[in-house]
Amino acid sequence: MTADAPINFRGRRLVVFGAGYIGAEVARQGVAYGLRVTALTRNTESARALAAAGVETVVADLATPEWHTMIEGGADFVLNCVSSGGGGAENYHRSYFRGMASMLAWACSGSDKIGTLVYTSSTAVYPQGDGVIVDEGMATNRSDDRAKVLVDTEEILTALANKTSSPSAATRWFILRLAGIYGPGRHHLLDQLRAGATELPGRGDHRLNLAHRNDICAAIWAAFAAPPAVAGEIFNVADEGAATKAEVVAWLSARLGVPTPPFSGKAAENARRAVTPDRVIGSDKIRRLLGWRPAYPTFREGYEGVCPIGYHVKVAGDMRP
Ligand SMILES: NC(=O)c1ccc[n+]([C@@H]2O[C@H](COP(=O)([O-])OP(=O)(O)OC[C@H]3O[C@@H](n4cnc5c(N)ncnc54)[C@H](OP(=O)(O)O)[C@@H]3O)[C@@H](O)[C@H]2O)c1
């Protein structure tokens, strides 16, 4: 984390809904940048850790109105980055759609509007494959029930936030459609290799579109700091790598000094899709309009930090350097 804020945020107020991997990091960075930060979480342990870092916390379920009177309206910056973290379609609907509806009701209930509202959606809204470069103007997907929840959630946000008459939720909004998140403490593929996987589920010939945690946080700050003329935009957030999964696995295996496992060709038991679409998520727009550039342009730079050469590999229950 860097303490170099893109603009002077000191003394401004930030509310974060969904203090998970990204949300908690942005909350901590907000404190370092001198903001007054409030985070809503369902999790008392997360609340304790955030409070220790100087974040005001509210423990509640975003989808209910129980917290509406506990968080003051009219914040300069609001981030909604809840994720259902798995579970079925009902969990998805509760966290994303009902969570957003509740947040918008809160935002519209006070006399002061939110300044800038950022919502982290997902590139899972896109159905495209066949190697195309996907930009923000392309069609989204309502045939998949979870993608539909994400698209519906984006739409209630844009409908309410765009209202010119009162009550409207925010002076301006941005939707960031994030690629696959990885970074410190989140590296599933690396964990599988470290655990000695001899075969990986699925296929390796589709491109993995990734974004490092720190670059996602930087994109969120860039949206908060956007010039006043930039408003109401959807941005893809992905690195420049778009390497195939097989390339990533081969690189990590070489780095760990383990044989590269083959792919089974069969989807993992918990996989939502039999075949992951092969495409490149284009993020030219956020570069152009917000000047965002990934500090980790490919998975190689990103994994340098989390997988240094010679890192411990688990072998037969033993750990060796
Ligand atoms: N993971 C990816 O690769 C990926 C890819 C594209 C986009 N995204 C998007 O990126 C954003 C950030 O993802 P992340 O990885 O930081 O997610 P995460 O670590 O799973 O954290 C999500 C947080 O949302 C909280 N949450 C969910 N429903 C809630 C509710 N009803 N009330 C209060 N809190 C609730 C969860 O709380 P609990 O701990 O209580 O469950 C969790 O702390 C999400 O919007 C996600 O959809 C993720």
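Just so it is clear, the structure is predicted and the values come from calculations on it, not from any experiment. (Residues numbered from 1 in each chain as written. Predicted model: local features only at pLDDT ≥ 70, side-chain atom pairs only at ≥ 80, totals over all residues. Heavy atoms only, no water.)

Participant: Go over the side chain of Lys285 with me, naming the residues and quoting the values.
Facilitator: Following the sequence through the fold, Lys285 ends up in helix α8 (residues 284-290). Classification of Lys285 as buried rests on a relative accessible area of 17%. Engagement of the side chain of Lys285 in a polar contact is seen with the backbone oxygen of Ile234, the distance being 2.9 Å. Apart from residues no more than four positions distant in its own chain, Lys285 is found in contact with Glu136, Glu233, Ile234, Phe235 and Leu290. (Helix = DSSP H or I, 4+ residues; strand = E, 2+ residues; numbered from the N terminus. Buried < 20%, exposed > 50% of the residue type's maximum accessible area, 1.4 Å probe, protein only. Polar contact = N/O pair within 3.5 Å; in protein donor to acceptor, adjacent residues only side chain to side chain. Contact = heavy atoms within 4.5 Å.)

Participant: Which residues make up the sheet that holds strand β3 (residues 56-59), and what values go with them?
Facilitator: The strands making up a sheet associate through backbone hydrogen bonding, with each pair oriented either parallel or antiparallel. Taking strand neighbours across the sheet as the criterion, the 7 strands line up as β3-β2-β1-β4-β5-β7-β10 in an open arrangement whose pairing is parallel. With partners counted over all chains shown, the strands left at the sheet margins are β3 and β10 (233-237), one partner each. Strand-to-strand twist in this sheet, taken as the mean axis angle between neighbours without regard to direction, amounts to 20°. Across 4 bridges, the pairing between strand β2 (residues 36-41) and β3 is parallel. By the bridge assignment for β3, Ala39 is matched with Thr57. Set on the sheet, helix α2 (residues 44-52) makes contact with β2 and β3; between it and β3 the angle comes to about 170°. Running at roughly 175° to strand β5 (residues 114-122), helix α3 (residues 89-109) makes contact with β1 (13-17), β4 (77-80) and β5 of the sheet. (Pairing = 2+ DSSP bridges. Axes fitted to C-alpha atoms, helices over the stretch in contact; angles between N-to-C directions.)

Participant: An account of the site of the ligand is needed here, citing residue identities and associated values.
Facilitator: Taken together, 25 residues are adjacent to the ligand, and Arg42, Asp61, Val82, Tyr96 and Arg186 come closest. In this structure, Ser83 approaches the ligand through a main-chain N or O atom, which is 3.3 Å from an oxygen atom. For the ligand, an oxygen atom lies 2.4 Å from a polar atom in the side chain of Tyr96. Surface burial for the ligand is 83%, taken as the share of its 900 Å² of free accessible area covered by protein chains. Looking at the shell around the ligand, the elements with two or more residues in it are α1 (21-32), α3, β5 and β8 (180-182). Tallying contributions element by element places β5 first for the shell around the ligand, with 3 residues. (Near = heavy atom within 4 Å. Areas by Shrake-Rupley, 256 points an atom, 1.4 Å probe, with all protein chains shown as cover.)

Participant: Describe the environment of Pro294, with residues and values.
Facilitator: One can find Pro294 in the loop between α8 and α9 (299-306). For Pro294, a relative accessible area of 10% gives the class buried. In this structure the C-alpha to C-alpha distance between Pro294 and Gly265, which are 29 residues apart in sequence, comes to 32 Å. With residues near it in sequence (within four places) discarded, Pro294 still touches Asp215, Asp239, Glu240 and Arg287.

Participant: Account for the pairing of strand β7 (residues 170-178), with residues named and values stated.
Facilitator: Within β7, 8 of the 9 residues are buried, which leaves the element mostly enclosed by the surrounding structure. Bridging between β5 and β7 involves 8 bridges; their strand directions are parallel. Opposite Ser122, over in β7, you have Leu178 as the bridge partner. With 5 bridges joining them, β7 and β10 adopt parallel strand pairing. Of the residues in β10, the one forming a bridge with Ile175 is Ile234.

Participant: A description of the nonpolar core should follow, citing residues and the corresponding values.
Facilitator: Core analysis: the biggest nonpolar cluster contains 76 residues, and Phe17 and Trp106 have the highest contact counts within it. Discounting chain neighbours no more than four positions away, the residues touching Phe17 are Leu40, Leu62, Trp67, Ile71, Val78, Leu79, Asn80, Cys81, Val82, Met103 and Trp106. The next biggest cluster of nonpolar side chains, apart from the first, holds 18 residues, and it includes Trp251, Leu252, Val258 and Tyr303. (Core = buried A, V, L, I, M, F, W, Y, C linked by side-chain atoms within 4.5 Å.)

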